[in-house]
Amino acid sequence: MKFDGKTAIVTGAAQGLGRSTALQLSRSGAKVAIVDINKEQLEQVGEEITSAGGEALVLTVDVSKYEEVQNAVAETLAKFGQIDILVNNAGAGWKERGVGMFKDLKPEDWEWIIDLNVKGLMYFTQAVSNHMVEREYGKIINIGSVAATGGLPRLAAYAASKGAVVVFTKSIAMELGPYGINVNCVSPGMVTPSNPPEPCPGTFLGRKGSADEMALLIEFLASDDSSFITGVDYLIDGGRTLGSRGN
């Protein structure tokens, strides 16, 4: 149980990658504060964790609201006494809003994406940083996207937000490294909650990746096995970004 005595916050934990990550960290011994705006689904994840013998704190939070984030971190510290791991997973999906030619988008659509994908991540990172600096220990894992590598047409706002996540990760890794805090990024591509994953001709492996596979990489970066790794953006995309799949 590599996370015995450790506490993690996982945002966007009600479904998908966040849910898989929260369950994986709990199985490995961590106490987990799970955060999401979707109260009903989040409570179900909390029940999954506790029914398996884990310990969970369920926090319904809008990550784009600064005060709600501050309160969530305070509640976690009051409940568990420490925060060792932060997984910044919450954010706007690439199919939700802001899809289309950027020249035609309404400002409220791309501002919504930036609020969730960038501001929310910054709010949580800042909220835990002083605590981690005081303890001279911490693991922060941000969730990017392959969209940050080469961009995506009709998804300019989403790609820009994930590009910001990657560069923010590197900058904060430089700031917090002297205090023994590791900051890294995981950038998935073509992920599905189904297991086994669906076929997909858009990757060299011929399939999509599962949320559980992504969670295993996050678990590694959250562990002391990755103690000399910081400021790295890990593409986990089945080779999607390697190049042309033509003959």
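Remember, it's a predicted structure, so these values are computed and weren't measured experimentally. (Residues numbered from 1 in each chain as written. Predicted model: local features only at pLDDT ≥ 70, side-chain atom pairs only at ≥ 80, totals over all residues. Heavy atoms only, no water.)

Peer 1: What's the story with helix H3 (residues 66-80) in this structure? I'm lost.
Peer 2: For H3, which comprises 15 residues, the first-to-last C-alpha distance of 21 Å matches the rise-based estimate of 21 Å (1.5 Å per residue) to within 8%. Taken residue by residue, H3 has Val69, Ala72, Val73, Thr76 and Phe80 as its buried positions. Looking down the long axis of H3, one finds its buried residues gathered within 95° of arc, a one-sided arrangement. When the buried face of H3 is taken as reference, the exposed residues oriented beyond 90 degrees from it are Glu67 and Ala78. Those residues of H3 hidden inside the fold are in contact with strand S1 (7-11), strand S2 (31-36), strand S3 (56-60) and helix H4 (107-135). Phi turns positive one or two residues past the end of H3, at Gly81, with a value near 85°. (Helix = DSSP H or I, 4+ residues; strand = E, 2+ residues; numbered from the N terminus. Expected span 1.5 Å × (residues − 1). Buried < 20%, exposed > 50% of the residue type's maximum accessible area, 1.4 Å probe, protein only. Arc of directions from axis to C-beta. Contact = heavy atoms within 4.5 Å.)

Peer 1: What is the right way to look at the nonpolar core in this model?
Peer 2: The nonpolar side chains of a soluble globular protein tend to be buried, and buried together. Ranked by internal contacts, the top residues of the largest apolar core, which has 33 residues, are Ile9, Phe124, Val128 and Ile140. Within the residue set of this core, elements represented by two or more residues are S2, S3, H3, H4, helix H6 (156-176) and strand S6 (181-188). Not counting residues within four places of it along the chain, the set of residues in contact with Phe124 comprises Ile9, Thr11, Val35, Val63, Val69, Ala72, Val73, Leu86 and Asn88. The next biggest cluster of nonpolar side chains, apart from the first, holds 26 residues, and it includes Val32, Val45, Val87 and Ile141. (Core = buried A, V, L, I, M, F, W, Y, C linked by side-chain atoms within 4.5 Å.)

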